[in-house]
2 protein chains.
Amino acid sequence: MQSRMMTEETEKKMPGPMFLGIDGGGSKCKARLADGTGKFFGEGVAGPANVFQDQRQARRSIVESAQRALASAHLPDTDIKNLVVGAGLAGANIPRVARETEEWDHPFAKFYVGTDIHIACLAAHGAADGAVIVAGTGSVGYSTINEISYGGHGFPFGDKGSGAWLGLEAVKAVLQADDGLAPETALSRALESQLAASGLGIVDAMVGASSRDYGALAPLVLECAQRGDPVALEIVREGAAYLSDMAEKLLGTSEGRLCLLGGLGERLQAWMRPEIVARVVPALGQPDEGAVRFAIQCYDG
Amino acid sequence: MQSRMMTEETEKKMPGPMFLGIDGGGSKCKARLADGTGKFFGEGVAGPANVFQDQRQARRSIVESAQRALASAHLPDTDIKNLVVGAGLAGANIPRVARETEEWDHPFAKFYVGTDIHIACLAAHGAADGAVIVAGTGSVGYSTINEISYGGHGFPFGDKGSGAWLGLEAVKAVLQADDGLAPETALSRALESQLAASGLGIVDAMVGASSRDYGALAPLVLECAQRGDPVALEIVREGAAYLSDMAEKLLGTSEGRLCLLGGLGERLQAWMRPEIVARVVPALGQPDEGAVRFAIQCYDG
């Protein structure tokens with residue numbers, strides 16, 4: 001069933017179902033409404049949609065973003081039941097979480113569950129196969145070449161090379177330097193200045209800190225590394241080497257494209273291996289566009 | 001003012017005040033009642049007393065353990081106001097926390113605030129100067145030679161060589177091995193078996209885990225290292241090298257005694273430097289005895 005406005009305006013262009021791409025992350029959920037050719041009809045944004053952190057909130061955000069996308073296209077709320085939804089969701093890389101999300105008694109016609117990194121990869125490379133590494137607060141790699149993923153394990157045990165990892169390693173190094181058990185460099189002064197604390201005051205400032213709190217320290221680690229600070233350089237090089245290893249695994253022997261996404265993706269290239277950096281290309285599209293593509297692929301397939 | 005029983009039994013032996021030593025940690029608070037010569041009169045145990053984690057609960061536990069110690073000596077509750085208390089408290093190494101604890105409107109005659117590691121060191125070496133390293137869930141070093149401390153920074157940024165650190169490093173290594181980005185060894189099987197999980201299921205099992213949860217993985221890391229597992233060995237050696245460095249700093253050029261305390265103190269010696277291990281001696285007493293000594297020292301000083 002099509003709504004009145006859709007019928008008037010787009011009946012001939014869109015005889016098939018309406019597709020909704022969901023890009024669900026830890027801070028917000030973005031929905032993109034499109035026809036079967038990917039043509040844009042509307043969009044909506046709602047709250048967090050990380051299904052690992054909070055399944056109920058994620059479901060609420062998905063529905064709200066869908067309702068807002070329908071509203072932006074002047075379509076009635078009731079059309080939600082006609083939507084074929086492809087959702088790329090943070091946290092859906094955990095098998096148990098993906099199963100729970102798939103078991104949702106959702107209000108849509110169809111609801112296909114994928115990961116945030118899968119839709120980012122579909123968006124980045126369009127119709128072509130390729131790989132992406134997202135380095136922001138966390139780090140994760142994924143390839144549509146063989147549908148394999150690396151990292152994305154989260155804080156504090158994973159996400160090497162990410163902003164949270166850079167910040168955590170810096171705090172560790174500065175605390176050991178304060179004890180005289182590791183070299184003390186300008187990184188110590190930079191961290192103390194940003195935290196307005198020193199010595200055991202750093203412990204007080206960082207206790208219970210989230211991955212985002214640690215990620216907020218990443219820019220100063222990168223700045224120190226750029227100025228040649230040996231401790232910051234060692235941290236950044238170790239993180240970048242891990243991402244280079246990940247890129248190598250992702251590309252394998254293929255000639256596929258590689259995109260480096262996320263807030264640190266561009267900056268970290270300076271320390272990644274040249275043969276990897278040589279293969280980096282810009283992303284063709286945004287994750288919500290990839291989510292629409294994912295919805296169409298699942299529906300057709 | 002002395003109670004009836006104390007007056008009858010001990011008036012001549014104990015003309016001075018009553019001393020109470022408090023050993024306050026993250027799981028329990030132990031109080032030890034003694035006279036000015038350190039002679040034991042009673043003891044009491046109450047709940048957690050980590051002033052960094054929960055100042056209010058710590059204060060409640062300190063008072064309860066004091067009341068129980070008085071009761072065990074058949075002394076009335078009202079005698080609490082006559083006690084000269086020396087408290088060695090986990091979390092009091094953080095300057096802000098120590099100040100807050102000292103500002104407590106406590107019910108005692110005197111209340112002296114020290115750290116858990118300071119009283120452990122006083123207990124371990126009796127009247128002599130010396131150093132201690134405590135390696136349990138966390139790790140910290142302290143010396144009465146120069147009243148200096150190392151480590152004790154907490155999870156996840158400090159406490160290298162501790163049980164929590166060993167567990168966290170093992171989880172990191174196993175997750176990277178699962179991605180094919182680090183060597184896979186028997187440590188992977190051991191960790192998967194203990195967590196009843198593998199691959200991304202490990203993330204699911206460990207998300208939000210506490211330092212104690214990580215510490216619970218330390219025995220399997222040590223067992224794997226003992227069997228020659230290269231990944232476990234590298235982790236254990238790195239942790240033990242840090243503790244050796246710490247011991248070297250603590251002892252400096254002095255001929256002081258060194259005690260290795262905590263659940264892992266003994267086991268980690270196998271990987272510490274021989275010249276350090278050669279200086280290790282057994283502890284003479286328990287921390288609550290050190291707390292009594294601390295109370296007497298502060299009162300006399």
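Every chain's residues receive numbers from 1 upward, in the order its sequence appears when written. Ligands are numbered from 1 and chains lettered from A, in the order in which they are written. Under the rules for a predicted model, residues below a pLDDT of 70 receive no local features and side-chain atom pairs below 80 are neither given nor counted, while totals for whole chains, interfaces and linings still include all residues. To get the side-chain values, all heavy atoms of the structure are used, and hydrogens and water are removed first.

Visitor: Would you mind going over the overall build of chain A with me for this structure?
Guide: Under the scheme used here, helices are H or I runs from DSSP no shorter than 4 residues and strands are E runs no shorter than 2 residues, and both carry numbers assigned from the N terminus. Broken down by element type, chain A carries 12 helices and nine strands. In terms of overall size, chain A behaves like a compact globule, its C-alpha atoms giving a radius of gyration of 22 Å where 301 residues would be expected to give roughly 19 Å. When its C-alpha atoms are laid out on the principal axes, chain A stretches across 70 × 45 × 30 Å. In this scheme, a residue with accessible area under 20% of its type's maximum is buried, one over 50% is exposed, and one in between is partly exposed, where area comes from a 1.4 Å probe on protein chains only. Counting across all 301 residues of chain A, residues that qualify as buried make up 56%. Long-range contacts, defined here as pairs at least 24 residues apart, represent 64% of the contacts in chain A between residues at least 6 apart. Here the Shrake-Rupley method, with its probe set to 1.4 Å, supplies the accessible areas, and only the displayed protein chains count as covering residues. Carbon and sulfur atoms provide 49% of the accessible area of chain A, an area that totals close to 12500 Å². Charge counting treats Lys and Arg as positive and Asp and Glu as negative, with His and both chain ends excluded. To locate a charge, take atom NZ for lysine, CZ for arginine, CG for aspartate or CD for glutamate. Considering chain A, the positive charge centre built from 27 side chains and the negative charge centre built from 37 side chains are found 5 Å apart. Atoms considered for the radius of gyration are the C-alpha atoms alone. The globule rule reads 2.2 Å times the number of residues to the power 0.38. By the convention used here, residues are in contact when the closest approach between their heavy atoms is within 4.5 Å.

Visitor: What am I meant to see in the interface of chain A and chain B here?
Guide: Contact with chain A, which involves 31 residues of that partner, is made by 31 residues of chain B. For the pair chain A and chain B, the summed buried surface comes to about 3000 Å²; carbon and sulfur atoms form 66% of the total. Salt bridge, as used here: a side-chain nitrogen of Lys or Arg that lies within 4 Å of a carboxyl oxygen of Asp or Glu. Linking chain A to chain B there are two salt bridges. Across the salt bridge formed by Arg96(A) and Asp204(B), the nearest N and O atoms sit 2.4 Å from each other. Each polar contact in these results corresponds to two N or O atoms within 3.5 Å; when the atoms are within protein, one needs to be able to donate a hydrogen and the other to accept it, and residues that are neighboring in sequence are counted only if both atoms are side-chain atoms. The tally of links between chain A and chain B comes to six residue pairs in polar contact (both at pLDDT 80 or more). Listed by contribution, the elements that provide at least two residues to the side of chain A that touches chain B are helix H3 (95-102), strand E8 (148-151), helix H5 (163-178), helix H7 (200-206) and helix H10 (230-251) of chain A. Here the buried area means the combined drop in accessible surface, using a 1.4 Å probe, for two parts upon being joined, counting both sides.

Visitor: I'm lost on unusual backbone geometry in this one. Help?
Guide: Across the chain, the bulk of peptide bonds are trans and the bulk of non-glycine residues have phi less than zero. Residues and elements named next belong to chain A. Following Phe155, the chain continues into Pro156 via a peptide bond in cis, with omega recorded as 5 degrees. Tracing the backbone shows Pro156 in the loop between E8 and H5. At Asp159, a position not held by glycine, the phi torsion is positive, near 55 degrees. Tracing the backbone through its elements, the reader meets Asp159 in the loop between E8 and H5. Residue classification places Asp159 among the buried positions, given a relative accessible area of 12%.

Visitor: How should I be thinking about the pairing of E8(A) in this particular structure?
Guide: Put simply, side chains in a regular strand alternate between the two faces of the sheet. Strand pairing is assigned whenever DSSP identifies at least 2 bridges connecting the two strands. Note that strand E7 (residues 139-143) of chain A and E8(A) share four bridges and pair antiparallel. For Gly141(A), the partnering residue across the bridge sits in E8(A) and is Tyr150(A).

Visitor: Sorry if this is basic, but what is going on with the sheet that holds strand E9 (residues 257-261) of chain B here?
Guide: Pairing between the strands of a sheet comes from backbone hydrogen bonds, and it takes one of two forms, parallel or antiparallel. Residues and elements named next belong to chain B. The mixed open sheet is built from four strands, whose spatial order is E8-E7-E6-E9. In this open sheet, the two edge strands, each paired with only one partner strand, are strand E8 (148-151) and E9. The mean inter-strand angle of the sheet, taken between neighbouring strand axes irrespective of direction, is 10 degrees. Every axis in this analysis is a line fitted to C-alpha atoms, fitted for helices over the stretch in contact. Angles between the N-to-C directions lie between 0 and 180 degrees. Running over the sheet, helix H4 (residues 116-125) touches strand E6 (130-135), strand E7 (139-143) and E9 and is turned about 125 degrees from E6. Packed on one face of the sheet, helix H10 (residues 230-251) meets E6, E7, E8 and E9 and runs near 160 degrees to E6.

Visitor: Could you clarify how one ought to interpret the sheet that holds strand E5 (residues 110-115) of chain A in this entry?
Guide: Residues and elements named next belong to chain A. Pairing in this open sheet of five strands is mixed, and the strands run E3-E2-E1-E4-E5 from one edge to the other. For this open sheet the edge positions go to strand E3 (40-46) and E5, each flanked by a neighbour on one side alone. On average, adjacent strands in this sheet sit at an angle of 15 degrees to one another, irrespective of strand direction. Sheet topology places strand E4 (residues 83-89) next to E5; six bridges connect them, and they run parallel. Across the sheet, the residue bridging to Val84 is Lys110, located in E5. Across the face of the sheet, helix H4 (residues 116-125) comes into contact with strand E1 (18-24), E4 and E5 while running at roughly 90 degrees to E5.

Visitor: Sorry if this is basic, but what is going on with the environment of Ala66(A) here?
Guide: Residue and element names in this part refer to chain A. Position of Ala66 among the secondary structure elements: in helix H2 (residues 55-72). When its relative accessible area of 0% is taken as the criterion, Ala66 is described as buried. With 160 residues separating them along the chain, Ala66 and Gln226 place their C-alpha atoms 43 Å apart.

Visitor: Honestly, the pattern of salt bridges in this entry has me stumped. Any pointers?
Guide: Pairs may arise between side chains of opposite charge once their charged atoms sit close together. Residues and elements named next belong to chain A. The tally for this structure, following the rule as stated, stands at 24 salt bridges over all chains. Its salt-bridge partner being Arg68, residue Glu64 comes within 3.6 Å of it at the nearest N-O pair. You can see Glu64 and its partner Arg68 sitting in helix H2, four residues apart, about one turn around the helix. Here Arg189 and Glu184 are joined by a salt bridge, their closest N and O atoms 2.7 Å apart.

Visitor: Sorry if this is basic, but what is going on with the domain arrangement of chain A here?
Guide: Size of an interface, as often reported, equals the accessible area lost when the parts are brought together. Residue and element names in this part refer to chain A. Segmentation of chain A into domains returns domain 1 (4-126 + 285-300) and domain 2 (163-277). For every domain, the bounds stem from an assignment made automatically or drawn from a database. Put simply, the middle of domain 1 and the middle of domain 2, counted by C-alpha atoms, are 34 Å apart. Counting residues at the interface gives five residues for domain 1, matched by five residues for domain 2. Approximately 350 Å² of surface area, both sides summed, lies buried where domain 1 meets domain 2, with 56% of it carried by carbon and sulfur atoms.

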